[in-house]
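Summary of structural features
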Amino acid sequence: MSTQMFEGKRHAAVYQKYRFAPGKELQQTILAYLQEKKAIPAELVVDVGCGSGQGTLFLVEHFKKVVGTDISEAQIQEARDTLSMSNVSFLVCPAEELPFQDASVDVLTSFTAAHWFDMEKFMKEVNRVVRPGGCVAISTYTVDMSLRYGDCSEKLTKIFRECWDTILKYSHNKVKSVLENYKEIFEALPFPDKKRITDIYDNIPMTVEGVVGYMESTSAYQTFMKADPKAATSLLQETEKRMLETMGVSSRETPVEFWVRHVCVLGCK
């Protein structure tokens, strides 16, 4: 069974507000691979562990029929409330029990979610539902992140990483797969035609509020909040204050470049 870390309505709302969609470089990497393997056009694309739908939105723009699945009812409700296009639907179900017929899925994706799954059971489902010649794209952004703003980028990144390091102390052991660049997931994928790309860099347009909100949306921060609400709240407030002072601005809406490194496991059955 998938590890359930994003269940609450409040957490789902924060997740929907602050989590970012796959960056342009990651999108192009996935689309180029699907074109190379002639998986485009695809009739059915399934986005597993879709959360509140950030990755699903990217897919909706390129494919005829997209189904997002997630184990969290709160996350799926956020997705339904946000994405109302005619070619997308959402289902509440575990990643290890996908309600699709054998060999019925053309493309299966998972954005920053697969490390929460029971890998052995999930990969059996992947092998069952993906058709011969179908493809998978399983990606995550890593903890390798930095901020850029004028001539204070180095100081800004240092402040961000000090906060991030404190939050990461509360990480679930499942996050180890992210730290290891999805090596376990790549090895578990039961397709002979597969590859892992570990150096996809994307500039995600953000604001100071967005960067702080992203950290609030993480499972590690939510665990921190449960353990010590006062310290957790104070950490984000102080981090935002330090960032604004370093930038010499007062508005939380000030734009900042948020650079992230993605890892992507690609495979064709």
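The rules we used
Residues numbered from 1 in each chain as written. Predicted model: local features only at pLDDT ≥ 70, side-chain atom pairs only at ≥ 80, totals over all residues. Heavy atoms only, no water. UniProt positions renumbered as here; feature names shortened; annotations may be inferred. Salt bridge = Lys/Arg side-chain N within 4 Å of Asp/Glu carboxyl O. Helix = DSSP H or I, 4+ residues; strand = E, 2+ residues; numbered from the N terminus. Buried < 20%, exposed > 50% of the residue type's maximum accessible area, 1.4 Å probe, protein only. 1 Å grid on protein atoms, 1.4 Å probe; cavity = no way out; pocket = protein on both sides within 12 Å on 5 of 7 lines; lining within 4 Å. Points joined across faces, edges and corners; volume = space filled by probe spheres on them. Nonpolar A, V, L, I, M, F, W, Y, C, P; charged D, E, K, R; others polar. Pairing = 2+ DSSP bridges. Axes fitted to C-alpha atoms, helices over the stretch in contact; angles between N-to-C directions. Contact = heavy atoms within 4.5 Å. Parallel < 35°, antiparallel > 145°, perpendicular 65-115°, else oblique. Expected span 1.5 Å × (residues − 1). Arc of directions from axis to C-beta.

For the protein, an unreviewed UniProt entry supplies the name CRG1 methyltransferase and the organism Formicarius rufipectus. The record held by UniProt for the protein lists under Sequence similarities (unreviewed entry) the comment "Belongs to the methyltransferase superfamily."

Looking now at the pattern of salt bridges. The full count for this structure, using the stated rule, is 15 salt bridges. Residue Lys 37 pairs with Asp 193 through a salt bridge whose shortest N-O separation is 2.8 Å. Highlighted residues: Lys 37 in the loop between α2 (24-36) and β1 (45-48) and Asp 193 in strand β6 (residues 193-207), separated in sequence by 156 residues. Relative accessible area serves as the criterion here: at 23%, Lys 37 is assigned to the partly exposed category.

A complete count under the given rule lists two cavities of 30 Å³ or more for this structure. Its boundaries defined by the atoms lining it, the second largest cavity holds a volume of some 190 Å³. The set of elements that each furnish at least two residues to the lining of the second largest cavity consists of α3 (54-60) and β5 (130-148). Of the residues belonging to the lining of the second largest cavity, the class tally is eight nonpolar, nine polar and two charged.

Let us now look at the sheet that holds strand β3 (residues 88-92). The seven strands are arranged β3-β2-β1-β4-β5-β7-β6 in an open sheet whose pairing can be described as mixed. Lying at the two open borders of the sheet, with one neighbouring strand each, are β3 and β6. With direction set aside, neighbouring strand axes in the sheet form an average angle of 20°. One ladder, built from five bridges, connects strand β2 (residues 66-70) with β3; its direction is parallel. Paired with Gly 68 across the two strands is Phe 90, which belongs to β3. Contacts between helix α4 (residues 73-82) and the sheet are confined to β2 and β3, with β3 contributing the most and set at about 170° to the helix. The strands touched by helix α9 (residues 208-217) are β5, β6 and β7 (255-268); relative to β6, the strand with the most contacts, the crossing angle is about 135°.

The description of two helices packed together rests on the angle between their axes and the distance between the axes. Where helix α10 (residues 219-227) contacts helix α11 (residues 229-247), the two axes come as close as 5 Å, and the packing angle between them is 130°. Judged by the angle between their axes, α10 and α11 are oblique. Here Tyr 221, Phe 224, Met 225, Lys 226 and Ala 227 of α10 lie close against α11, whose contacting residues are Pro 229, Ala 231, Ala 232, Thr 233, Leu 235 and Leu 236. Counted by class, the contact of α10 with α11 contains nine nonpolar, one polar and one charged residues.

So, about helix α6 (residues 153-168). Relative to the 22 Å expected for 16 residues at 1.5 Å per residue, α6 spans 22 Å between its end C-alpha atoms, a close match to the ideal helical length. Among the residues of α6, Ser 153, Leu 156, Thr 157, Ile 159, Phe 160, Cys 163, Trp 164 and Ile 167 are the ones counted as buried. Summarising the axial view, the buried residues of α6 lie within an arc of 160°, below the 170-degree limit, and thus occupy one face. Exposed residues on α6 whose side chains face more than 90 degrees from its buried face are Glu 154, Lys 155 and Lys 158. Looking at the packing, one finds that the buried side of α6 touches β5, α9, α10, α11 and β7.

As annotated in UniProt, the feature "domain: Methyltransferase type" (unreviewed entry) corresponds to residues 46-138 in the numbering used here. As annotated, residues 46-138 comprises 30% helix and 31% strand, and the C-alpha atoms at either end are separated by 12 Å.

With that settled, the discussion passes to helix α5 (residues 119-129). Helical periodicity: at 3.6 residues per turn, an α-helix aligns residues three or four positions apart in one direction. Among the residues of α5, Met 119, Phe 122, Met 123, Glu 125, Val 126 and Val 129 are the ones counted as buried. For α5, the angular spread of buried residues about the axis comes to 155°, placing them on one side. Among the exposed residues of α5, those pointing more than 90 degrees away from its buried face are Glu 120 and Lys 124. Where α5 is buried, its residues contact β1, β4 (105-111), β5 and α8 (183-188).

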